[in-house]
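Here is how the chains run, residue by residue.
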Protein chains: 2
Amino acid sequence: MTESVLDYMTRLGRAAREASRVLARTSTAQKNRALEAAAATLDDAREALAAANAQDLAAGRAGGLDEAMLDRLALTPARIDEMIEGLRQVARLPDPVGEIRDMRYMPSGIQVGKMRVPLGVIGIVYESRPNVTIDAASLCLKSGNATILRGGSEAIHSNQAIARCIRLGLAEAGLPAAAVQVVETTDRAAVGALIGMPEFVDVIVPRGGKGLIERISREAKVPVIKHLDGICHVYIDSAADLDKAIRVADNAKTQRFAPCNTMETLLVHAAIAARALPPLGEIYRAKGVELRGCPRSRELLGPGTLEASEEDWSSEYNAPILSVRVVDSLDEAIAHINRYGSHHTDAIVTESFTDVRRFLAEVDSSSVMVNASTRFADGFEYGLGAEIGISTDKLHARGPVGLEGLTSEKYVVFGDGHVRG
Amino acid sequence: MTESVLDYMTRLGRAAREASRVLARTSTAQKNRALEAAAATLDDAREALAAANAQDLAAGRAGGLDEAMLDRLALTPARIDEMIEGLRQVARLPDPVGEIRDMRYMPSGIQVGKMRVPLGVIGIVYESRPNVTIDAASLCLKSGNATILRGGSEAIHSNQAIARCIRLGLAEAGLPAAAVQVVETTDRAAVGALIGMPEFVDVIVPRGGKGLIERISREAKVPVIKHLDGICHVYIDSAADLDKAIRVADNAKTQRFAPCNTMETLLVHAAIAARALPPLGEIYRAKGVELRGCPRSRELLGPGTLEASEEDWSSEYNAPILSVRVVDSLDEAIAHINRYGSHHTDAIVTESFTDVRRFLAEVDSSSVMVNASTRFADGFEYGLGAEIGISTDKLHARGPVGLEGLTSEKYVVFGDGHVRG
């Protein structure tokens with residue numbers, strides 16, 4: 001490129017802002033047509049996608065990427081199927097844009113309500129997985145937003161190949177090409193430019209490791225929808241049903257170890273610990289989970305349980321490791337969760353109505369659960385249809401972010417020549 | 001103080017965070033008791049308030065504050081009445097905290113919905129008006145948030161006197177004193193500390209001039225609910241009812257000149273300009289409004305109309321000045337508003353259903369109005385009961401911010417021992 005990265009990104013930003021004006025008035029049918037057309041184009045482009053991906057994989061191998069990174073980068077036929085199905089699923093979701101609610105007459109005679117509208121332009125910064133290009137573009141498009149996508153440099157050829165399919169889909173539906181733009185330079189300055197132009201970009205969604213998210217949050221001049229740690233808890237209350245407790249505490253840790261909604265610390269009320277912890281200790285050991293307990297839980301969890309350090313209570317292991325603590329009251333459990341947790345997802349197992357009410361009101365997390373595994377914290381499980389991430393922020397979107405989280409509401413006022421007296 | 005400003009503010013922050021845990025589980029009745037008790041205490045403390053305010057006014061006069069500043073600073077008996085009535089009004093508002101909505105069964109069998117909860121700790125930074133101390137504290141308290149208030153140094157004695165009344169109210173209701181804290185130092189470093197501790201403060205609401213808001217937005221490490229410019233438009237469509245058009249265009253400009261929701265630019269469709277502009281020109285001239293028009297509007301507005309410069313279209317006058325432009329289409333009007341406006345409040349006057357639909361969907365502003373004066377953009381007029389400000393942001397709260405804007409929603413999940421398969 002002869003133009004500077006900043007000029008290039010400014011050009012993308014200006015085009016995205018213009019496209020966002022068009023998208024704000026685009027019908028649901030037209031947006032769906034673009035999504036369906038992009039799906040069909042992806043299906044036709046399997047060979048081109050595989051070839052582009054092979055280039056990235058070869059470069060990654062030569063550049064010394066590890067196996068986990070290469071796996072994330074690979075566009076297997078099954079992953080292409082998933083991208084195609086993802087586009088079609090998003091096309092089937094109800095369109096939140098234009099929804100008007102709560103129109104009410106005021107004493108002055110005006111009628112006031114709220115209307116759901118797109119945010120405008122959304123910047124997505126992500127790492128190696130090329131399928132994020134489709135996930136993010138489809139949710140943003142369906143919610144009427146223009147998108148600028150900046151993927152990892154190791155996936156540049158795959159992302160460009162996917163971008164071509166999206167562009168064909170947009171063209172087939174008569175939508176501007178700038179509705180979805182994939183940044184074509186791998187220069188890192190592009191990220192700095194993207195997160196530094198509030199006049200063209202309304203919000204940034206970083207998807208990737210904690211380092212990426214923290215860096216972007218620190219440097220962005222544009223609001224950021226963050227997804228930081230998932231230090232999730234299950235608390236087995238004194239009034240818990242033992243079977244439910246064991247089922248939930250098992251599943252929350254062992255169904256998968258890596259996700260952010262996996263339990264990292266188990267809290268158990270002293271009154272039920274002697275019945276709950278020995279069988280749980282056996283289950284965890286059988287599934288290869290390393291246990292780190294407080295002194296009281298170590299006695300009950302059985303052989304091989306390590307001593308938990310203060311650091312364990314605020315650790316997100318993303319691994320087969322679990323810290324366990326016996327507490328003497330619901331108060332102590334809630335205090336532990338609010339102090340050491342990451343305000344992501346926390347569950348209580350109990351039959352006590354009063355304890356449920358307190359747990360819901362006092363645990364300061366984006367998802368609070370009763371008698372259910374923390375693993376349910378997910379846009380699909382919550383009926384959002386899809387998610388662009390799980391927000392650990394309190395403002396705007398909190399928890400799994402679907403189409404609605406990519407929109408905003410404006411006030412609508414109807415009158416009949418009304419003036420203020 | 002022997003401790004540093006940073007240590008002092010950290011102490012306030014930590015205490016506020018602890019108090020916010022208590023407030024999150026405080027009943028509506030108890031919060032209302034505190035508000036009513038503070039109102040009664042203010043009523044009893046009129047002499048002390050007047051004495052404290054006299055100190056500030058004397059210092060202000062000695063320090064060369066202008067009359068407008070001194071006026072804003074004055075706690076007249078009428079303003080004390082308003083503060084007392086404000087507290088009682090907020091006590092009467094419905095409590096948004098704890099509201100649970102949309103609990104629905106999912107295919108997995110879990111039940112998912114959302115619950116409204118306080119944001120946590122809110123920092124308010126404001127300038128000379130001491131009544132903001134009561135407005136902000138009461139709204140934050142009612143919505144279950146702890147507050148740290150940092151008023152202007154010129155109002156320090158008045159604010160401390162008001163703070164004593166609030167503390168007595170809190171004590172009478174058995175609530176922690178740290179639920180509402182007024183910063184006692186006038187050191188400017190206190191603001192820097194307040195906006196720089198995301199571990200203790202969840203959101204900052206700056207109330208004051210554009211300079212204050214821009215500085216805080218730039219420097220804050222905590223999310224900011226901003227209220228920037230109000231460059232509001234009325235667009236008289238070709239299908240407008242002439243009487244309604246004149247009534248609305250008159251009121252939107254002349255009911256009051258200073259507020260942010262006052263019209264700054266009038267747009268008129270060419271097909272109706274010859275009928276609308278001559279009578280409006282007379283009205284505005286009679287009310288002392290300086291007119292600055294495009295060439296076509298100057299011919300119709302009559303003698304004394306100045307030529308509008310490019311700069312006029314993006315000026316917030318807050319004064320008896322109006323810029324006027326004739327446009328050839330609804331498209332041109334919408335494009336003008338989105339380009340030059342501040343996304344605050346914009347109105348169309350029309351009888352055309354189709355033009356209404358387009359204006360609502362395409363004008364990117366926090367309030368879009370039809371056949372009503374922009375002056376209605378206000379928390380009281382919208383039925384919010386009170387407002388802490390008008391947000392020009394798109395994320396989280398947009399437009400007038402009342403109790404609901406000071407809360408957030410978390411997901412609630414109910415199961416019966418459900419696990420993920």
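What you see is a predicted model, and the numbers here were worked out from it, not measured in a lab.

Colleague: An account of the pairing of strand E11 (residues 321-327) of chain B is needed here, citing residue identities and associated values.
Modeller: All names here are of chain B. Burial analysis of E11 places six of its seven residues in the buried class, the great majority of the element. Where strand E8 (residues 263-269) meets E11, five bridges bridge the pair, whose relative direction is parallel. Bridge pairing links Val-268 to Val-326 in E11. For strand E9 (residues 290-293) and E11, the ladder comprises four bridges, and the chain directions are parallel. Paired with Arg-292 across the bridge in E11 is Ser-323.

Colleague: An account of the sheet that holds strand E2 (residues 111-118) of chain B is needed here, citing residue identities and associated values.
Modeller: Strand pairing in a sheet takes place through backbone hydrogen bonds and is either antiparallel or parallel in direction. Strand order in the open sheet formed by ten strands is E10(A)-E9(A)-E11(A)-E8(A)-E7(A)-E12(A)-E13(A)-E16(B)-E2(B)-E1(B), with mixed pairing between adjacent strands. Each edge of the open sheet is held by one strand with a lone partner, namely strand E10 (306-307) of chain A together with strand E1 (100-105) of chain B. Here helix H10 (residues 242-254) of chain A sits on the sheet and contacts strand E7 (232-236), strand E8 (263-269), strand E11 (321-327), strand E12 (345-349) and strand E13 (367-372) of chain A together with strand E16 (407-418) of chain B; the angle it forms with E16(B), its principal contact strand, is near 120°.

Colleague: Tell me what's going on with the relation of the copies chain B and chain A, and back it up with residues and numbers.
Modeller: At an RMSD of 0.0 Å, chain B and chain A line up after a rotation of 180° and a shift of 0.0 Å along the axis. Considering both components of the superposition, the chain copies are consistent with a two-fold axis. Residue B:His396 of chain B places its C-alpha closer to the rotation axis than any other residue of that unit, at 1.9 Å. Mapped onto chain A, 100% of the interface residues of chain B again fall at the interface, so both copies present the same surface.

Colleague: Give a detailed account of the domain arrangement of chain A, specifying residues and quantitative values.
Modeller: Per the domain assignment, the segments making up chain A are domain 1 (5-225 + 401-413) and domain 2 (232-376). Using C-alpha coordinates to define each centre, domain 1 of chain A is positioned 36 Å away from domain 2 of chain A.

Colleague: I'd like to hear about the UniProt feature "domain: Aldehyde dehydrogenase" (unreviewed entry) in chain A, residue by residue, with values.
Modeller: Residues and elements named next belong to chain A. Mapped onto this numbering, the UniProt entry annotates "domain: Aldehyde dehydrogenase" (unreviewed entry) at residues 14-278 and 313-377. Strand forms 17% of residues 14-278 and helix 51%; the C-alpha atoms that close the span are 62 Å apart. Segment residues 313-377 splits into 32% helix and 28% strand. End C-alpha atoms: 21 Å apart.

About the thresholds
Residues numbered from 1 in each chain as written. Chains lettered and ligands numbered in written order. Predicted model: local features only at pLDDT ≥ 70, side-chain atom pairs only at ≥ 80, totals over all residues. Heavy atoms only, no water. Buried < 20%, exposed > 50% of the residue type's maximum accessible area, 1.4 Å probe, protein only. Helix = DSSP H or I, 4+ residues; strand = E, 2+ residues; numbered from the N terminus. Pairing = 2+ DSSP bridges. Contact = heavy atoms within 4.5 Å. Axes fitted to C-alpha atoms, helices over the stretch in contact; angles between N-to-C directions. Least-squares fit on C-alpha atoms with pLDDT ≥ 70 in both. Domains from an automatic or database assignment. UniProt positions renumbered as here; feature names shortened; annotations may be inferred.

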